[in-house]
Amino acid sequence: MRLYRFLSADDTSAFCHKVTAALNAGWELYGDPTYAYDTGNGVMRCGQAVVKDVAGDYRPDLKLGEL
């Protein structure tokens, strides 16, 4: 099955570490990163979609970050 996650966080090095950890866990980048200004918190936010192929069948209760 193919899994999809959307990672997001403030535009800091923590976001880069989050994406790097996903890549090192076998996830692959899917599309371009996105950036938007969060007016409520006054910060830039980043987002990146990632995908991963794993054995098994999809279930809504899967913990995607643990696969």
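Residues numbered from 1 in each chain as written. Predicted model: local features only at pLDDT ≥ 70, side-chain atom pairs only at ≥ 80, totals over all residues. Heavy atoms only, no water.

(A) Representation of the pattern of salt bridges in the model. With the rule as written, the count across this model stands at three salt bridges. R2 is the salt-bridge partner of D53, the closest N and O atoms lying 3.2 Å from each other. One end of the pair, D53, is in strand β3 (residues 43–53); the other, R2, is in strand β1 (residues 2–10), and 51 residues separate them in sequence. With its nearest N and O atoms 3.0 Å apart, the salt bridge here joins D61 to R59. (Salt bridge = Lys/Arg side-chain N within 4 Å of Asp/Glu carboxyl O. Helix = DSSP H or I, 4+ residues; strand = E, 2+ residues; numbered from the N terminus.)

(B) A look at the side chain of Q48. Topologically, Q48 is positioned in strand β3. A distance of 3.4 Å separates a polar side-chain atom of Q48 from the backbone oxygen of Y30. Excluding residues within four positions of it along the chain, Q48 makes contact with R5, F6, L7, F15, V19, L29, Y30, G31, D32 and P33. (Polar contact = N/O pair within 3.5 Å; in protein donor to acceptor, adjacent residues only side chain to side chain. Contact = heavy atoms within 4.5 Å.)

(C) Expanded view of the state of the cysteines. Taken as a whole, this structure holds zero disulfides when the rule is applied. In this structure C46 is a free cysteine whose sulfur lies 6.9 Å from that of C16, the closest cysteine sulfur available. Classification of C46 by relative accessible area gives buried; the value is 4%. (Disulfide = S-S within 2.5 Å. Buried < 20%, exposed > 50% of the residue type's maximum accessible area, 1.4 Å probe, protein only.)

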